[in-house]
Structures are given as C-alpha cells and as structure tokens.
Amino acid sequence: MIKLKEQCRLFVLFSYYKIGDKVSIRFIDNFTLDIYIKKELIDNIDFNNKDDLEKYLKKLFKTLKNKYDIVIEGFYDINVYVDKYYGVVFHLEKEDLDYYDYYKNQVDMRIMTINTEFLYLVEDIPYYILNKVNVLIENKEIYLKIKENLTKLEMMKLLENSKVVYN
C-alpha cells in the first residue's frame, strides 16, 4: 500500500495531486499510481539505461517522501511511458508480497520502458493548434495526436483542456 500522511489523504480521495507545474500524480488505488513528468525535467535521462533510470526513480521517491509525505516502499512493476512531446508517465503497480517487513523503507522495482505517442482526449477541437496535431475520432470521442512541437503556452492550454492517454 502507498502510505500517505494525513494531509495527503485528501488528495487520494480526489485521486490527483499536482506538484508544481511540471509534475502530477494520479492515485488509481492503494497499490497503483501514475506520476506525470513534463519533458523539461527529464531531458537528460537515458530511459534505455535501466541503472540510471532506477537511480532517478529512487531519487524521485525520496523527494516525494521528504517534501510531500508520499511514501513509496516495497516491490513495484513500473512501466515507463516516454513521449517526445509531453515527457514521461511512470505507471507504478505495487506487488502484494508476503514478505512485507523485508521491504519496509525500501523500494525494489521491475522496470519496462515503452516509447509511445500520447493521445489527448478533448471535448472540442482546439483550432489554435490544428495544424500541429492529427485529429482522431473513435466512439464519438475526439483524440489529438501531436505531430510537431507545441509552444509552452499551447501545450499548457492543451493539458488544461484534455486528458492524457498513454499505452
């Protein structure tokens, strides 16, 4: 179980926790969460180097614990979804192991990196970026797929008015 101090429990109820304007966390349940990090913070990370990625994740978990009282401990399967326009989504699923005491205050992980292109679920087509995205319509839902770099303002507007879809 992901441990949170009392002041963070409110965020679990709402299932979304924003840390600055470049990092967000979505709590799916007590054993699963997504950490969204915009590309400005991860430009220098080699996602194909598992050792460097594991060091980065341990540093990230330590920061979450020390600054935001979000404690991640135990064994996790981590899918790392990398998109060249958005950044990265770390999808963490905690394994429910019997040997809990062994993992107290420790993190162990199995990491899988997936290079992908995120989609953005929108209610209306944003015409201000129409020439920079492909529009996909499936089951009466509108998705955008970025085909060239957006300005920071365009990306901010898109993120405010969409849901990031990865997989």
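Conventions adopted
Residues numbered from 1 in each chain as written. Predicted model: local features only at pLDDT ≥ 70, side-chain atom pairs only at ≥ 80, totals over all residues. Heavy atoms only, no water. pLDDT = per-residue confidence, 0-100. Contact = heavy atoms within 4.5 Å. Helix = DSSP H or I, 4+ residues; strand = E, 2+ residues; numbered from the N terminus. Expected span 1.5 Å × (residues − 1). Buried < 20%, exposed > 50% of the residue type's maximum accessible area, 1.4 Å probe, protein only. Arc of directions from axis to C-beta. Polar contact = N/O pair within 3.5 Å; in protein donor to acceptor, adjacent residues only side chain to side chain. Phe/Tyr/Trp six-rings, centres within 6.5 Å; stacked < 30°, edge-to-face > 60°. Lys NZ or Arg CZ within 6 Å of the ring centre and 35° of its normal. Pairing = 2+ DSSP bridges. Axes fitted to C-alpha atoms, helices over the stretch in contact; angles between N-to-C directions.

Visitor: Describe the confidence of the model for the chain, with residues and values.
Guide: Confidence along the chain averages 84 in pLDDT terms, with 83% of residues attaining 70 or more. Within the model, pLDDT remains below 50 along residues 4-14, and this stretch shows 14 contacts once partners closer than five positions in the same chain are excluded.

Visitor: Describe helix 2 (residues 50-68), listing the residues and the values that go with them.
Guide: Three- or four-residue spacings in an α-helix give side chains the same orientation, since the helix completes a turn every 3.6 residues. Spanning 19 residues, helix 2 covers 26 Å between terminal C-alpha atoms, matching the ideal 27 Å at 1.5 Å per step. Of all the residues in helix 2, the buried ones are Leu 53, Tyr 56, Leu 57, Leu 60, Phe 61 and Leu 64. Mapping the buried residues of helix 2 onto a view down its axis gives an arc of 135 degrees, with all of them on the same face. When the buried face of helix 2 is taken as reference, the exposed residues oriented beyond 90 degrees from it are Asp 51, Lys 55, Lys 59, Lys 62 and Asn 66. The residue sitting at the N-terminus of helix 2 and contributing the capping side-chain oxygen is Asn 49; that oxygen lies 3.1 Å from the backbone nitrogen of Asp 51. Two residues or fewer past helix 2, Asp 69 is found with a positive phi of approximately 60 degrees.

Visitor: Give a detailed account of the packing of aromatic side chains, specifying residues and quantitative values.
Guide: For the structure shown, the criterion picks out 5 aromatic pairs. Within the aromatic cluster, the residues linked to one another by ring pairs are Tyr 36, Tyr 81, Tyr 86, Phe 118 and Tyr 166. One Lys or Arg, Lys 157, reaches over the ring of Tyr 128 and ends 5.1 Å from the middle of that ring.

Visitor: Which residues make up the sheet that holds strand 12 (residues 162-165), and what values go with them?
Guide: The strands making up a sheet associate through hydrogen bonds between their backbones, and the pairing can be parallel or antiparallel. Overall, antiparallel pairing links the 4 strands, which are arranged 10-11-9-12 in an open sheet. Strands at the two margins of the open sheet, each flanked by one partner only, are strand 10 (133-138) and strand 12. Averaged over all pairs of adjacent strands, the angle between strand axes in this sheet comes to 30 degrees, irrespective of strand direction. Pairing geometry for strand 9 (residues 119-122) and strand 12, over 4 bridges, is antiparallel. Across the sheet, the residue bridging to Leu 121 is Lys 163, located in strand 12.

Visitor: Mind laying out the side chain of Glu 154, listing which residues take part and the relevant values?
Guide: Within the secondary structure, Glu 154 is located in helix 3 (residues 152-160). With a relative accessible area of 15%, Glu 154 lands in the buried category. Once you skip the residues sitting within four places of it in the chain, Glu 154 turns out to touch Tyr 128, Ile 129 and Lys 132.

Visitor: Lay out the environment of Glu 95 in plain terms, naming residues and giving numbers.
Guide: Structurally, the position occupied by Glu 95 is in the loop between strand 7 (87-94) and strand 8 (107-115). For the pair Glu 95 and Phe 31, spaced 64 residues apart in the sequence, the C-alpha separation amounts to 7.7 Å. The contacts of Glu 95, once residues within four sequence positions are left out, are Phe 75, Asp 77 and Arg 110.

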